[in-house]
Each structure stands twice: as C-alpha cells, then as structure tokens.
Amino acid sequence: MTVVDEIPGEPSDTRGRVAELLALREQARRGPSDRATEAQHAKGKLTARERIELLLDEGSFKEVEQLRRHRATGFGLEAKKPYTDGVITGWGTVEGRTVFVYAHDFRIFGGALGEAHATKIHKIMDMAISAGAPLVSLNDGAGARIQEGVSALAGYGGIFQRNTRASGVIPQISVMLGPCAGGAAYSPALTDFVFMVRETSQMFITGPDVVKAVTGEEITQNGLGGADVHAETSGVAHFAYDDEETCIAEVRYLIGMLPSNNRENPPVVPSDDPADRRGDVLLDLVPADGNRPYDMHKVIEELVDDGDFLEVHERWARNIVCALARLDGQVVGIVANQPQALAGVLDIEASEKAARFVQMCDAFNIPIVTLLDVPGFLPGVDQEHGGIIRHGAKLLYAYCNATVPRISLILRKAYGGAYIVMDSQSIGADLTYAWPTNEIAVMGAEGAANVIFRRQIADAEDPEAMRARMVKEYKAELMHPYYAAERGLVDDVIDPAETREVLIASLAMLRNKHADLPSRKHGNPPQ
Ligand SMILES: CC(=O)SCCNC(=O)CCNC(=O)[C@H](O)C(C)(C)COP(=O)(O)OP(=O)(O)OC[C@H]1O[C@@H](n2cnc3c(N)ncnc32)[C@H](O)[C@@H]1OP(=O)(O)O
C-alpha cells in the first residue's frame, strides 16, 4: 500500500494535494476492511469511531495523528502499516465541555499496542493534562503488540506513568469494550473509574490459556474477568452495563458530575427541587429500632435533588453505598452504611470501596456527606487475617486527609471505631448532625454491660436479672440521643424531615471552605 497508488487527483497542484489528503483521510476513517468491521459488529461491538461518536457531542471530535503509521520491521510488519496504527486519538466536547479521548481499533492488530500507537496515547494524555480536561479511554485491545517486543512494553510504561501523574489532576475514565489483557488492564486500574459491558468486555492479567497452563484451572474469559466478576467480586469495575450504548451514555452522565480538573468545582445544575422540601417520609422509612433493616438507597433518594443519584460500585461491598448526587444543584459525594446488607457493618471491602471514593471526592472538590448507621467493624478471623486493620485504616486515612467540605449525619447507631472512622467530628468533619434516634457508644449495651459489669453479673444471685438491669442502666446513662450533643460532639440533633434543608444550608456555608495540609512530598497511606 503506497500513498502514490491512492492519489485520485493530480498531485502537482494544490487541488490535487487536497484531493490526496481527503483520500488518505477517508482511508484512515474507513479502517482496514469492511470484513473487519462486520466481524467487529458480529461480536456485538461497535467500532472505535462509532464509540467516539456516542461519547462526544455531535460533530465535535477533532482527531490528532490520524495519518500516523508504525515504523516497525520484522514479522511482516513492513507490509502492514495501517493509518492510525490501531488507536484513534483526539478531543471533543461532552455537554459543551472539552474531553480528550483515545479509542483502540480492534480491527487493526486486535487493538494491540505498538510503539507508534503508544506515543499517540502519550501525546493525547499530555494534552489532556495541559488543557486540564478529562481523559476517556475506550479500551478494546489485546495488550502489548507482540511483534514489537520491548518497544511495546515501554509504551505501556509511558501510559502508566502519565496515568499516575494525572491522578487527582484530571478525571480519568476507562471504558472497557473488549478483551483487555496485560498492560491494557493495568492502565484502567490506575484511573478514577472503570466501566465494563457484559459479555463483550473482559480484563485479566493473563488469559484463560495461561491460567490453565500454570494452575490447571479451567475457566472462560468471562468467568475469569468479565463485567460481573469485576463489578461484584473483585471491585476492579465501578460500573457494568448490558450494552455499549447505555455504558457510554452513563460515561457522559458521570462526566457531567465531575469538574474538568482539580482546580475547578463540579458543574452546578440549577434545580427545581425546593431546597427546603421536607422529607416526612423519612420518619417512617427508618425504623427507630436499631436492629431493623431498611434500604439506605431510599433515604438518599429522598434527600437529593429529584431523587437522582449515580451509585459507584453498586454491586460490590453492598454494605456501604457510595454515590454522586446533587443537593440544590451542587454535586456531593454520599457515603452511607446500608443496614440492608450485612447490617451495614464495615468490613475489608466496604472500607476499601469507601476509602477510594472519599479520596476521589477530595481530589475533585466534591463535598462529602456521610450518613451513619453502623454497628461497627465486622469481627472474625477472616477479617483479621485479611488485614481489616490496614484496610479500615485506608478509610480513616482518606477521611482524615480530606479538605473538602465534610458533613456527617448519624441516623441511628454509630458504635466504636466505625463511628470514629465514618467522619466523626474528632477526625475533621466540618459539621456533624444526628437524628433523635441516634445511639453513639463504644459498643451496643449488651456487649458493654457484659464487659464492664462482668463481676457484678457473675456474683449476682440471678445473673440474668442483673444483666438486664445493668444493660438498662448503661443505656440510660450513656446511650441516650443527647449524650453527644451535650458534649458538643454533634453540632445539632435535627428533625429527620428537615435533613435536606439542613444539609443544603450547611453546604452553602461551607462552599468557600479552604484548608491546607502541612507541606510534604506525599503521605504514606496504608495499602
Ligand atoms: C504487558 C502486556 O500487555 S502482556 C499481554 C500481551 N497480550 C496478550 O497476551 C493477549 C494475546 N491475545 C489474545 O489473547 C487474544 O487475541 C484476545 C483474547 C485478546 C482476543 O481474542 P480474539 O477476539 O479471538 O481475537 P484474535 O485472537 O483473532 O485477535 C485479533 C487479531 O489481533 C491480533 N492480535 C491479538 N493479540 C495481539 C497482540 N498482543 N499483538 C499483536 N497482535 C495481536 C491477532 O493476531 C489477530 O490478527 P489477525 O486479525 O491479523 O489474525
């Protein structure tokens, strides 16, 4: 394939040159062959350009290095030098705001990454960082291009380094739309959000063949690294959808909730939902009895603008809910215990999930609202041996480090370390509220009485009667709803129906909050 063969006009004048350019562009846009496009569609997948069209506002895409080709040799590569080199890069807009994008073209070398392909991605990442705009990768690639050896591996290194440098500076969103192996799976893991599509996208470090050779385990690609696995079990994916169209529409929705970079605030969308709307339904929705479950989603729905929220990691660690929503038009990150799953305890996965979310909110100037109804950390050998101490510490560290406005609200119980960790006043919450159903203590009354009145209970003629008396005494002394308010450890006890109004007024007061951390290279957070 040479340029000369394809010149439709006379190249010696400018019109001929322009005709040549248009022909080359058309060739690059079309891609390798109709057959390759049909094969891509037959797998239930869109082409890279079709995906970009769905992501960006109509007609806004500006491509960079469309005519780039590789210069690699060997293994027949000299004869196969397609334009774009298998990745389409550029920028456009989402709801009028600039967004950078790169999209692997699976029709070219299976979207595998060679040297030219990698440097195109490096360039667009550098542009996104300089311009201070989000970067979206539409991944459908087979990892390092085998024929290019170490050059391909080095290309990945350049991406990882830029992912890390861009972390907390611009939002980075990875959309997985095909089988992504090796390096193609690591870059997404460094980004803020990972989206996947069921059946057609997979992520793994080594595929099923290698797994079988090394461990003897037999498993399908989806069983090893499909969307459900990563959205429910591993926590690698934040979102999973049934088709590419819905997935990419949700990426657009998420972008609308995020600032373009860490120096901006998230976009405010004026809301018709009254700031002082009462939530009387909350009085019945949350049972006063701390042991009765309810769905925290319904509480969030009642509090936020128009009942709309975007749940992150919806199906992983369901005992904690992390969601982006708006209160009077302003984006907030909500972290809430879910009494409906594992009674809302904090365990290893819930701690990791919430820690990453809090960290993301803090990086991108999103105020955090924490809704507590937590019986404590989950006890057990598995949890202790699995490192609940260091995983729980991640959440503690993330909150302690966060300088965005932070408001916490205790709905019912908040016991022990979990109370402290979930944005208590003592670790820096700007405002803490409690409903009159709150119960804050080191532990539940039964457990507490068994420890501190052990001797009295053992020595009593009727130990059960003594235990009941001591539990009652402990509750009356320490577990009444105004114990914390009397000590200034919550700023106010509020009527649940007025929660929305209180949160909105508090956020408005905190809008210009400014807090500096001591100068340091970086912290050393628990891992
Ligand atoms: C640091 C790292 O990234 S290490 C990881 C290196 N990558 C890998 O080990 C993955 C190797 N590839 C695969 O396992 C499979 O190709 C899969 C799972 C990604 C996709 O499988 P399928 O959908 O069946 O596609 P298929 O295997 O036909 O590949 C499509 C085309 O891409 C090519 N291709 C696939 N992977 C690569 C690669 N890593 N390098 C170069 N070309 C590749 C195939 O040769 C094929 O080319 P052709 O159309 O000219 O025949």
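Residues numbered from 1 in each chain as written. Predicted model: local features only at pLDDT ≥ 70, side-chain atom pairs only at ≥ 80, totals over all residues. Heavy atoms only, no water.

Per an unreviewed UniProt entry, the chain goes by the name Acyl-CoA carboxylase subunit beta and belongs to Streptomyces sp. gb1(2016). In its Sequence similarities (unreviewed entry) section, the UniProt record describing the chain reads: "Belongs to the AccD/PCCB family." (UniProt positions renumbered as here; feature names shortened; annotations may be inferred.)

Counting secondary structure elements, the chain contains 21 helices and 17 strands. Expressed along its principal axes, the backbone C-alpha trace of the chain runs to roughly 105 × 55 × 45 Å. Sorting the 527 residues of the chain into buried and exposed places 51% on the buried side. Across the chain, every contact between residues at least 6 apart in sequence was considered, and the portion connecting residues at least 24 apart equals 72%. By element, 53% of the accessible surface of the chain is carried by carbon and sulfur atoms, the whole surface being about 23,900 Å². (Helix = DSSP H or I, 4+ residues; strand = E, 2+ residues; numbered from the N terminus. Buried < 20%, exposed > 50% of the residue type's maximum accessible area, 1.4 Å probe, protein only. Contact = heavy atoms within 4.5 Å. Areas by Shrake-Rupley, 256 points an atom, 1.4 Å probe, with all protein chains shown as cover.)

Turning our eyes to something else, we now look at empty space enclosed by the protein. Counted by the stated rule, this structure contains 3 cavities of 30 Å³ or more. In this structure, the largest cavity spans a volume of roughly 70 Å³. In terms of residues, the lining of the largest cavity owes the most to one element, helix H13 (residues 348-363), which gives 4 residues. Among the residues making up the lining of the largest cavity, the classes are represented as 4 nonpolar, 2 polar and 3 charged. Both domain 1 (25-255) and domain 2 (279-437 + 480-508) contribute no fewer than three residues apiece to the lining of the largest cavity. Along the walls of the second largest cavity sit Tyr102, His104, Leu113, Ile121, Asn139, Tyr156, Ile159, Gly183, Ala184 and Ser187, which together make up its complete lining. For the lining of the second largest cavity, the secondary structure elements donating two or more residues are strand E3 (97-104), helix H5 (149-166) and helix H6 (183-189). (1 Å grid on protein atoms, 1.4 Å probe; cavity = no way out; pocket = protein on both sides within 12 Å on 5 of 7 lines; lining within 4 Å. Points joined across faces, edges and corners; volume = space filled by probe spheres on them. Nonpolar A, V, L, I, M, F, W, Y, C, P; charged D, E, K, R; others polar. Domains from an automatic or database assignment.)

Below, the discussion takes up the site of the ligand. Taken together, 19 residues surround the ligand, and among them Gly110, Ala142, Ala144, Ile146 and Gly183 come closest. At 3.0 Å from a nitrogen atom of the ligand is found a main-chain nitrogen or oxygen belonging to Ile146. Here an oxygen atom of the ligand and a backbone polar atom of Gly183 are 2.8 Å apart. Looking at the shell around the ligand, the elements with two or more residues in it are H5 and strand E6 (179-181). Tallied by class, the residues present in the shell around the ligand amount to 10 nonpolar, 6 polar and 3 charged. (Near = heavy atom within 4 Å. Polar contact = N/O pair within 3.5 Å; in protein donor to acceptor, adjacent residues only side chain to side chain.)

Before going further, it helps to examine the environment of Lys394. Relative to the assigned elements, Lys394 resides in helix H15 (residues 388-401). With relative accessibility at 17%, the residue Lys394 sits in the buried group. Lys394 has contacts with Glu352, Ala355, Pro526 and Gln527, leaving out every residue within four places of it along the chain.

Moving on, we get to the UniProt feature "domain: CoA carboxyltransferase C-terminal" (unreviewed entry) in the chain. Taking the numbering used here, the UniProt-annotated feature "domain: CoA carboxyltransferase C-terminal" (unreviewed entry) corresponds to residues 274-523. This span, residues 274-523, is 40% helix and 18% strand, and a straight line between its end C-alpha atoms measures 41 Å.

Right, let's talk about the side chain of Arg198 for a bit. Note that Arg198 resides in the loop between strand E7 (193-197) and strand E8 (202-204). At 2.7 Å, the side chain of Arg198 forms a polar contact with the side chain of Asp228. Engagement of the side chain of Arg198 in a polar contact is seen with the side chain of Asp242, the distance being 2.7 Å. The contacts of Arg198, once residues within four sequence positions are left out, are Ala227, Asp228, Ala240, Tyr241, Asp242 and Arg315.

Evaluation of the coordinates by the stated rule reveals 7 aromatic pairs. Centre to centre, the rings of Phe193 and Phe239 are 6.2 Å apart; their planes meet at 40 degrees, and the pair counts as tilted. Of this pair, Phe193 sits in strand E7 while Phe239 sits in strand E9 (residues 239-241), and the two are 46 residues apart along the sequence. Phe239 gets classed as buried once you look at its relative accessible area, which sits at 3%. Judged by centre distance (6.5 Å) and plane angle (10 degrees), the rings of Phe239 and Tyr241 are stacked. Using a relative accessible area of 14% as the deciding quantity, one classes Tyr241 as buried. Put simply, the rings of Phe193, Phe195, Phe239 and Tyr241 touch in pairs and so form one group of aromatic residues. One cation-aromatic arrangement involves Lys45 over Phe106; the distance from NZ or CZ to the ring centre is 4.2 Å. In this arrangement the basic side chain of Arg487 is found over the ring face of Tyr483, its NZ or CZ atom lying 3.6 Å from the centre. (Phe/Tyr/Trp six-rings, centres within 6.5 Å; stacked < 30°, edge-to-face > 60°. Lys NZ or Arg CZ within 6 Å of the ring centre and 35° of its normal.)

Now for the sheet that holds strand E5 (residues 172-176). One key point about sheets: their strands pair by backbone hydrogen bonds, in either a parallel or an antiparallel sense. With mixed pairing, the 7 strands of this open sheet are ordered in space as E1-E2-E3-E4-E5-E7-E9. Edge positions in the open sheet fall to strand E1 (62-64) and E9, since each of these has one partner strand only. Strand after strand, the sheet turns through a mean of 20 degrees between neighbouring axes, direction not considered. Here E1 runs beside strand E2 (residues 87-94); their pairing, made up of 3 bridges, is antiparallel. The residue bridging Glu63 from the neighbouring strand is Gly90, located in E2. (Pairing = 2+ DSSP bridges. Axes fitted to C-alpha atoms, helices over the stretch in contact; angles between N-to-C directions.)

Within E2, 6 of the 8 residues are buried, which leaves the element mostly enclosed by the surrounding structure. Direction of pairing for E2 relative to E3: antiparallel, over a ladder of 8 bridges. The residue bridging Gly92 from the neighbouring strand is Val99, located in E3.

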